[in-house]
Amino acid sequence: MPNAVITGCNSGIGHEFAKILIGDGYTVYALDVSSGDKLRSLEGPKCKIGQLDVSDIDSIRGFGDSLGNEPIDVLLNIAGVMPSIAKDDLDSLEMATMIKCFGVNAFGPFFLTQALLPNILAAPAPRRVCVTSSRVGSITDNSSGRYYSYRASKTAVNSFFKNFAVELKDKEVIVSMLHPGFTKSNLDPDDNIRKIPDAVEPVEAAEKLWKVVMSKNLDDTGKFWHREGMELPW
């Protein structure tokens, strides 16, 4: 029975990913910083729930210790934060906003992957490690500016996971960076994304991203994918 670890499971894409993988026969470790109703609704014979603050290294290490030697076939780093634009533009950005954004969006996925690497390598090849990034993290694609800490944190996590891809390719770990597109989740505190005509429900984003993840092989490791399957520029 394959095992998967998924963060951000109390809402949005993370919650939908957990349901998809449970349906596909995985034993899922569904994690979130908040132990809310949506997280608790996942608990069952094929799903173990738990609290994890990806911005807290002690929380990460505690979860890693709790796994022991359990192999992990798939790690989906889905948890993320997005500041209000009122706190993330050129004039208003403060250090506290930057630290929180990087802590959850970039440092958290790095240190969780680092902590679980022995478990990932204990699973049969190929293993899969993924992170939810964003197209706004692309330097090439930036034509609108703003969202300084959010953009930079996604650029940083792409860099971290590209490094993972290079170093882990010979260990048969497939690394993917994922862009879900505009999704009607709780990520945007200003709630502007829900007003975008092309925004999709979290279940559609998760289903399409999972198909992308499972279609990739070692030749694709370290690439940045749109939910519709296109490779995105850096």
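What counts as what
- Residues numbered from 1 in each chain as written.
- Predicted model: local features only at pLDDT ≥ 70, side-chain atom pairs only at ≥ 80, totals over all residues.
- Heavy atoms only, no water.
- Phe/Tyr/Trp six-rings, centres within 6.5 Å; stacked < 30°, edge-to-face > 60°.
- Helix = DSSP H or I, 4+ residues; strand = E, 2+ residues; numbered from the N terminus.
- Buried < 20%, exposed > 50% of the residue type's maximum accessible area, 1.4 Å probe, protein only.
- Lys NZ or Arg CZ within 6 Å of the ring centre and 35° of its normal.
- Lys, Arg positive; Asp, Glu negative; His and termini not counted.
- Salt bridge = Lys/Arg side-chain N within 4 Å of Asp/Glu carboxyl O.
- Polar contact = N/O pair within 3.5 Å; in protein donor to acceptor, adjacent residues only side chain to side chain.
- Contact = heavy atoms within 4.5 Å.
- Disulfide = S-S within 2.5 Å.
- Pairing = 2+ DSSP bridges.
- Right-handed = clockwise from strand over helix to strand, strands pointing away.
- Axes fitted to C-alpha atoms, helices over the stretch in contact; angles between N-to-C directions.
- Parallel < 35°, antiparallel > 145°, perpendicular 65-115°, else oblique.
- Left-handed = near helix turned anticlockwise from the far one by under 90°.
- Nonpolar A, V, L, I, M, F, W, Y, C, P; charged D, E, K, R; others polar.

1. Notes on the packing of aromatic side chains
Working step 1: Applying the stated criterion to the full structure yields 9 aromatic pairs.
Working step 2: Taking 5.0 Å as the distance between ring centres and 80° as the angle between the ring planes, the aromatic pair formed by phenylalanine 161 and phenylalanine 164 counts as edge-to-face. Taken together, the residues phenylalanine 161 and phenylalanine 164, both in helix 5 (residues 148-168) and 3 residues apart, mark about one turn of the helix.
Working step 3: Residue classification places phenylalanine 161 among the buried positions, given a relative accessible area of 0%.
Working step 4: Grouping aromatic residues by their ring pairs yields a cluster made of Phe110, Phe111, Phe160, Phe161 and Phe164.
Working step 5: Sitting over the face of the ring of tryptophan 225, lysine 216 holds its NZ or CZ atom 3.7 Å from the ring centroid.

2. Re the side chain of arginine 127
Working step 1: With respect to the helices and strands, arginine 127 occurs in strand 5 (residues 127-132).
Working step 2: One buried charged residue, arginine 127, forms no salt bridge at all, with the nearest opposite charge on glutamate 172 at 5.2 Å.
Working step 3: A distance of 2.8 Å separates a polar side-chain atom of arginine 127 from the backbone oxygen of alanine 123.
Working step 4: Excluding its chain neighbours within four sequence positions, the residues that come into contact with arginine 127 are Asp73, Ile120, Leu121, Lys171, Glu172, Val173 and Ile174.

3. Here's the deal with the state of the cysteines
Working step 1: In the structure shown here, the tally under the stated rule is 0 disulfides.
Working step 2: Of all cysteine sulfurs, the one in cysteine 9 lies closest to cysteine 47, which takes part in no disulfide; the gap is 7.0 Å.
Working step 3: The class of cysteine 47 is buried, set by a relative accessible area of 2%.
Working step 4: Between cysteine 101, a free cysteine, and cysteine 9, which holds the nearest cysteine sulfur, the sulfur-to-sulfur gap is 20 Å.
Working step 5: Judged by its relative accessible area of 1%, cysteine 101 is buried.

4. A word on the pairing of strand 4 (residues 74-77)
Working step 1: Taking every second residue as pointing to the same face, both faces of strand 4 are buried, with Val74 and Leu76 on one and Leu75 and Asn77 on the other.
Working step 2: In this sheet, strand 4 lies alongside strand 1 (residues 3-6) in parallel orientation, the contact comprising 3 bridges. Across the sheet, the residue bridging to valine 5 is leucine 75, located in strand 4.
Working step 3: Across 4 bridges, the pairing between strand 4 and strand 5 is parallel. When the bridges of strand 5 are listed, leucine 76 appears paired with cysteine 130.
Working step 4: Once you follow strand 4 into helix 4 (residues 95-122) and on to strand 5, the crossover reads as right-handed.

5. A word on the pattern of salt bridges
Working step 1: According to the stated counting rule, one finds 8 salt bridges in the structure shown.
Working step 2: Across the pair glutamate 204 and lysine 208 runs a salt bridge, and its minimum N-O distance is 2.9 Å. With glutamate 204 and lysine 208 both in helix 6 (residues 202-215) and 4 residues apart, the pair spans about one turn of that helix.
Working step 3: For lysine 208, a relative accessible area of 26% puts it in the partly exposed group.
Working step 4: Connected through salt bridges with shared partners, the residues Glu204, Lys208, Arg227 and Glu228 form a single ionic network.

6. Quick notes on the packing of helix 3 (residues 57-67) against helix 4
For any two helices packed against each other, one specifies the inter-axial angle together with the distance between the axes.
Working step 1: Across the interface, helix 3 lies against helix 4 with an axial gap of 10 Å and an inter-helix angle of 20°. Accordingly, the angle class assigned to the pair helix 3 and helix 4 is roughly parallel. The two elements helix 3 and helix 4 cross, and the hand of that crossing is right-handed. Contacts between helix 3 and helix 4 involve Ile57, Ile60, Phe63, Gly64 and Leu67 on the former and, on the latter, Gly108, Phe111, Leu112, Ala115, Leu116 and Asn119.
Working step 2: Tallied by class, the residues present in the contact of helix 3 with helix 4 amount to 8 nonpolar, 3 polar and no charged.

7. Overview of the environment of glutamate 70
Working step 1: Along the chain, glutamate 70 falls in the loop between helix 3 and strand 4.
Working step 2: Exposure remark for glutamate 70: the relative accessible area of 29% places this residue in the partly exposed category.
Working step 3: Contacts of glutamate 70, omitting those with residues within four sequence positions, involve Asn3, Tyr29 and Asn119.
Working step 4: In this structure the side chain of glutamate 70 is engaged in a polar contact, spanning 2.9 Å, whose partner is the side chain of asparagine 3.

Worth remembering: the numbers are spatial, not functional.
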